[in-house]
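# Architecture and fold: a report
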Amino acid sequence: MRYYETPREEIDYFREEYEFLSNFYPTKVVFDGITYFNSEAAYQAQKCLHPEERMRFARLSSDEAKRLGQKIERRTDWDEVKCSIMEKIVYEKFIQNPTLAQDLLDTGNKTLKEGNYWKDLYWGVDLKTGEGENHLGKILMRLRDYFRSNGIPNASFPCNSLKGPFGGIWIDDRDITLSECECIVNAANETLLGGGGVDGAIHRAAGSELRAECATLGGCNVGEAKLTSGYKLKAKYIIHTVGPKYPTENCQLNLTKCYIESLNLAKKNGIHSITFPSISTGKFSYPKKEACRIAVQTVKRWLKENCDYSMKVVFSCVDPTIYELIYSELKDTENE
Ligand code: AR6
């Protein structure tokens, strides 16, 4: 009888209901400041000799990522570090997706093996012979034990952590209304009574009480900021700032002011975590590259000048172009 024909109390084929155990399973995972569409892409990206190349993996399917991983120039210590990197990524995948962590726990005490036909005897086992080191299965079983003893921890997802890969600054590709920070910033207009874009999304998610409070504030000038409650949002507060239209007189200065005034107002109110949208880059047509440069440089300068105050800053970038621009600006200025 061949190995795969014997009845076994184990899960040795990561497909169908057990596909979530595979790194090819399509679920977002944030790793080292980059959001990937699957853990395979996150893993392959870590092979890069030049870290700035990791972004190339961010939007790839698992197959595409695997292929690109075979082509890029590889870091020299890869063989020594790959197993511990894999463990970290798989851990992040599960804690960032707690329903998957629960599914992992539900596999009970069954042995987990990545059975395959493609002769990967390192991460899995050969489905015909049962031979292989099964490192992925071992990682999964270790995590399962860990979750069983300690519960499923809160995600160390950027939004819950005060430490970021860029000195306290994080990038998030989700809608700003989902932010778990204490405060989100709204790219509003001078009336503060709502509008389209991110403003519309925030008003919709916060509910009508927000508009009622905004109506008492007497509007807001370009480059200034005002605080309200967050109402139905997870965020306790909203800071409304009005970005400049492009092109207008002093638009660069006014865009800089939006970030500074928002951060000052947050600090004044004892806020320690804040999520920004990319102010003025939508309806107000500010060129994205320049706006992202201003955003990153201004925030970094403010954090430096206020280093006695703990503040986590998240850039919410639903637009992939903005995401990439903010990321490269952060990377380029990493050592400044
Ligand atoms: N989460 C995060 N970012 C978002 C979201 C969201 N839900 N929705 C859009 N963005 P815009 P502005 C991004 O037009 O240019 C309003 O009508 C979007 O991809 O919202 O400052 C106000 O009432 C873009 O990169 O703001 C004002 O009249 C960025 O947010 C005017 O628009 C800003 O786009 C303000 O224009």
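Residues numbered from 1 in each chain as written. Predicted model: local features only at pLDDT ≥ 70, side-chain atom pairs only at ≥ 80, totals over all residues. Heavy atoms only, no water.

## Comments concerning the overall build of the protein
From N to C terminus, the protein includes 10 helices and 12 strands. Principal-axis analysis of the C-alpha atoms places the extent of the protein at approximately 80 × 40 × 35 Å. Classification of the 336 residues of the protein by burial places 52% in the buried group. Considering only residue pairs separated by 6 or more positions, the protein has 63% of its internal contacts joining residues 24 or more positions apart. Accessible area for the protein stands at about 15900 Å²; split by element, carbon and sulfur atoms hold 49% of it. Across the protein, the 45 positively charged side chains and the 48 negatively charged ones have centroids separated by 1 Å. (Helix = DSSP H or I, 4+ residues; strand = E, 2+ residues; numbered from the N terminus. Buried < 20%, exposed > 50% of the residue type's maximum accessible area, 1.4 Å probe, protein only. Contact = heavy atoms within 4.5 Å. Areas by Shrake-Rupley, 256 points an atom, 1.4 Å probe, with all protein chains shown as cover. Lys, Arg positive; Asp, Glu negative; His and termini not counted. Charge placed at Lys NZ, Arg CZ, Asp CG, Glu CD.)

## Things to note about the packing of helix H3 (residues 78-96) against helix H4 (residues 98-105)
Put simply, H3 and H4 touch, their axes get as near as 4 Å, and they point 105 degrees apart. By the angle between their axes, H3 is roughly perpendicular relative to H4. Mapping the contact onto sequence places Lys93, Phe94, Ile95 and Gln96 in H3 and Pro98, Leu100, Ala101 and Leu104 in H4. For the contact of H3 with H4, the class distribution of residues is six nonpolar, one polar and one charged. (Axes fitted to C-alpha atoms, helices over the stretch in contact; angles between N-to-C directions. Parallel < 35°, antiparallel > 145°, perpendicular 65-115°, else oblique. Nonpolar A, V, L, I, M, F, W, Y, C, P; charged D, E, K, R; others polar.)

## With respect to the sheet that holds strand S8 (residues 183-188)
Sheets are built from strands that pair by backbone hydrogen bonding, the pairs being arranged parallel or antiparallel. Sheet architecture is open: six strands sit in the order S7-S12-S11-S8-S10-S9, paired in mixed fashion. Either end of the sheet is taken by a strand with one partner, and the two such strands are strand S7 (169-172) and strand S9 (225-229). Strand-to-strand twist in this sheet, taken as the mean axis angle between neighbours without regard to direction, amounts to 25 degrees. For S7 and strand S12 (residues 312-316), the ladder comprises four bridges, and the chain directions are parallel. Bridging from a neighbouring strand, aspartate 172 pairs with serine 316 of S12. (Pairing = 2+ DSSP bridges.)

## A few points about the site of the ligand
For the ligand, the set of nearby residues contains 21 residues, the closest of which are Gly196, Val198, Asp199, Thr281 and Lys283. Between aspartate 175 and the ligand, the recorded distance is 3.2 Å, taken from a side-chain N or O atom to a nitrogen atom. Note that an oxygen atom of the ligand is positioned 3.1 Å from one of the backbone N or O atoms of phenylalanine 284. Relative to its unbound accessible surface of 710 Å², the ligand loses 89% to contact with the protein. Among the elements of the structure, S8 and helix H6 (197-206) are those that each provide at least two residues to the shell around the ligand. Here the shell around the ligand takes four residues from H6, the largest share from any one element. Here the shell around the ligand is composed, by residue class, of eight nonpolar, nine polar and four charged. (Near = heavy atom within 4 Å. Polar contact = N/O pair within 3.5 Å; in protein donor to acceptor, adjacent residues only side chain to side chain.)

## Regarding the environment of glutamine 252
Looking at the element boundaries, glutamine 252 is found in helix H8 (residues 251-268). Using a relative accessible area of 43% as the deciding quantity, one classes glutamine 252 as partly exposed. Between the C-alpha atom of glutamine 252 and that of alanine 291, which follows or precedes it by 39 residues, the distance is 8.3 Å. Once you skip the residues sitting within four places of it in the chain, glutamine 252 turns out to touch Tyr286, Glu290, Arg293 and Ile294.

## Re the side chain of asparagine 116
Tracing the chain through its elements places asparagine 116 in strand S5 (residues 115-116). Exposure remark for asparagine 116: the relative accessible area of 0% places this residue in the buried category. At 3.1 Å, the side chain of asparagine 116 and the backbone nitrogen of lysine 119 are in polar contact. In this structure asparagine 116 touches Gly124, Val125, Asp126 and Leu127, once residues within four positions along its chain are discounted.

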